[in-house]
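Fold and contact review
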Amino acid sequence: MTTGKPIKVAMLGCGTVGTEVARLLREQRHDLAARIGAPVELTGIAVRRPNKHRDAPQELLTTDSAALVESDVDVVVEVIGGIEPARGLLLSALRAGKSVVTANKALLAEHGPELYAAADASGADIYFEAAVAGAIPLLRPLRESLAGDRITRVMGIVNGTTNYILSAMSATGSGYGETLEEASRLGYAEADPTADVDGFDAASKAAILASLAFHTRVTASDVHREGIASVTAADIAAATVLNRTVKLLAICERVTGQDGAEAVSVRVHPAMIPDGHPLASVGGAFNAVFVEADAAGQLMFYGQGAGGAPTASAVLGDLVAVARNKVAGGRGPRESAYAELPVRPMGQASTRYHISLDVADRAGVLSQVAAVFAEHDVSIAAVRQEGRPTDASLVVITHAATDAALRSTVDKIAGLPVVREVVSVMRVEGEES
Ligand SMILES: NC(=O)c1ccc[n+]([C@@H]2O[C@H](COP(=O)([O-])OP(=O)(O)OC[C@H]3O[C@@H](n4cnc5c(N)ncnc54)[C@H](O)[C@@H]3O)[C@@H](O)[C@H]2O)c1
Ligand SMILES: N[C@@H](CCO)C(=O)O
Ligand code: NA
């Protein structure tokens, strides 16, 4: 029996995700009402151009998103994306005590604290499971299930579009442009796909993950970011020869300095991982995230990280949570940023490099290259040299060193007269250093 007062919901945006949210709300209304203890009523959908939404319930469409937020609703679901007008609309909803469900990682990674503060002031909820790794329950486990543990590392593939592109490039040698177009057509890419390709989307997600995992405010600008635009066919070929795979990784770590003080390190960049690593087999738009915590040990979360229906699943889960809180009179978790750990600059991060060089095939080349590594205190883990008729290929994999030392090493090597070309430089992750 669902006798409770209806929970009135306004939805902002009706694109890839919003269309699926509206469909699930309609198709699952009886089950949702039973699970919440009150029916859910979608009272309006704000869009920019109503004539582009012929399949949506026409009587609910409006172009006046501000008026919709101000109307008599309990919950605002935001699936527009971007900073404005989403930010202003959600602040106005939260200030009026209306709970918010959003899929907007860009907004949370830049203005999360402001939104939390508005929610606190009025006692409203803010939930955003869809913002990171789509359908995969990941933020709720970090915010709630692991709230009693000490998380040390979160590492994974959190962008479906770039994973789709890299998977296709390495499986079939497909071109970059055609694969990106396909990812957009399938609804994985952001409205501006450079957000995916240049790593902004993954960096926003990394900021959200690090904030939750380490109880510290981390914004998108704190995240070291490199996208996949610089990944070449040569990088992928170099990885294949070494039984490795190139993935765009988001890595959030709790690190301890020589003085014993803790900090966080948050970065997004392409990296080679061994083919046997569980992340190597994550293909297409799938996402997978490893979480390491002191007591729990290693956890892995895997599933669809993009696409309309998977993302809508996470939105609906949040909607049920905030609606239940409305019915029962409780609240979800607030911001937890008490640890206030500093964010360590990328130059101090400890990483490993794979460097592939085209060198002159003559005596003494290897020792000249090795000397540059020694000079920068970068220890070599493995070297592979192959002679060709007039030159040679030299591949070096390092042990862990600071990113700054590795960068200087590569710069100096590139200037050696015996080095004809630096063919590929890529970080190595997922194996013993
Ligand atoms: N597509 C995915 O796979 C996916 C996955 C996870 C999270 N997200 C996030 O979900 C959000 C929506 O993504 P999407 O893929 O559905 O985008 P989309 O571009 O397909 O849809 C956006 C919708 O917002 C509407 N809109 C834009 N400006 C508006 C305004 N000023 N007022 C009212 N409506 C406006 C557009 O008309 C469109 O209907 C974004 O924050 C995105 O990052 C998307
Ligand atoms: N554009 C994003 C959507 C999911 O957040 C991606 O490709 O992963
Ligand atoms: Na999620």
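Residues numbered from 1 in each chain as written. Chains lettered and ligands numbered in written order. Predicted model: local features only at pLDDT ≥ 70, side-chain atom pairs only at ≥ 80, totals over all residues. Heavy atoms only, no water.

Named according to an unreviewed UniProt entry, the chain is Homoserine dehydrogenase originating from Kutzneria viridogrisea. For the chain, the Function (unreviewed entry) comment in UniProt is given as "Catalyzes the conversion of L-aspartate-beta-semialdehyde (L-Asa) to L-homoserine (L-Hse), the third step in the biosynthesis of threonine and methionine from aspartate." Listed under Cofactor (unreviewed entry) in UniProt, the entry text for the chain is "a metal cation". (UniProt positions renumbered as here; feature names shortened; annotations may be inferred.)

To continue, consider the UniProt feature "domain: ACT" (unreviewed entry) in the chain. UniProt feature "domain: ACT" (unreviewed entry): in the numbering of this structure it lies at residues 354–427. Helix makes up 31% of residues 354–427 and strand makes up 46%, while its end C-alpha atoms are separated by 6 Å. (Helix = DSSP H or I, 4+ residues; strand = E, 2+ residues; numbered from the N terminus.)

Our focus in this paragraph is the packing of helix H1 (residues 16–27) against helix H12 (residues 308–328). Between H1 and H12, the least distance of the axes is 8 Å, while the angle of their chain directions is 60°. One finds that H1 runs oblique with respect to H12. Note that H1 runs across H12; the crossing there is right-handed. Residues Thr16, Val17, Glu20, Val21, Arg23, Leu24 and Leu25 of H1 touch H12, and the partners they reach there are Gly308, Ala309, Thr311, Ala312, Ser313, Val315, Leu316 and Leu319. (Axes fitted to C-alpha atoms, helices over the stretch in contact; angles between N-to-C directions. Parallel < 35°, antiparallel > 145°, perpendicular 65-115°, else oblique. Left-handed = near helix turned anticlockwise from the far one by under 90°. Contact = heavy atoms within 4.5 Å.)

To continue, consider empty space enclosed by the protein. Counted by the stated rule, this structure contains three cavities of 30 Å³ or more. For the largest cavity, the calculated volume is near 200 Å³. In this structure, the largest cavity is lined by 17 residues; those nearest its centre are Leu108, Gly112, Tyr116, Ser211 and Glu335. At the level of elements, helix H5 (105–122) and helix H10 (200–214) are the ones that each hand at least two residues to the lining of the largest cavity. It is H5 that provides the largest number of residues to the lining of the largest cavity, a total of five residues. Residue composition of the lining of the largest cavity, grouped by class: 10 nonpolar, five polar and two charged. (1 Å grid on protein atoms, 1.4 Å probe; cavity = no way out; pocket = protein on both sides within 12 Å on 5 of 7 lines; lining within 4 Å. Points joined across faces, edges and corners; volume = space filled by probe spheres on them. Nonpolar A, V, L, I, M, F, W, Y, C, P; charged D, E, K, R; others polar.)

For ligand 1, the set of nearby residues contains 22 residues, the closest of which are Thr16, Val17, Lys105, Glu190 and Gly307. Separating an oxygen atom of ligand 1 from a backbone N or O atom of Val17 is a distance of 2.9 Å. Contact distances for ligand 1 include 2.6 Å between an oxygen atom and a backbone N or O atom of Gly307. Protein burial of ligand 1: of its 830 Å² of free accessible surface, 85% is covered by the chains. When the residues that make up the shell around ligand 1 are grouped by side-chain class, the tally is 10 nonpolar, nine polar and three charged. (Near = heavy atom within 4 Å. Polar contact = N/O pair within 3.5 Å; in protein donor to acceptor, adjacent residues only side chain to side chain. Areas by Shrake-Rupley, 256 points an atom, 1.4 Å probe, with all protein chains shown as cover.)

Below, the discussion takes up the packing of helix H4 (residues 86–95) against H5. Running from N to C, H4 and H5 cross one another at 15°; their axes reach a closest spacing of 8 Å. Between H4 and H5, the angle is such that the two are roughly parallel. In this structure, the crossing between H4 and H5 has a hand that is right-handed. Here Ala86, Arg87, Leu90, Leu91, Leu94 and Arg95 of H4 come into contact with H5, specifically with Leu107, His111, Glu114, Leu115, Ala118, Ala119 and Ser122. Residue composition of the contact of H4 with H5, by class: eight nonpolar, two polar and three charged.

With that settled, the discussion passes to the sheet that holds strand E6 (residues 126–127). In space, the six strands of this open sheet follow the order E3-E2-E1-E4-E5-E6, with parallel pairing throughout. Edge positions in the sheet fall to strand E3 (61–62) and E6, since each of these pairs with one other strand and no more. Across two bridges, strand E5 (residues 99–102) lies against E6 in parallel orientation. Considered in E6, the bridge of Val100 is made with Ile126. (Pairing = 2+ DSSP bridges.)

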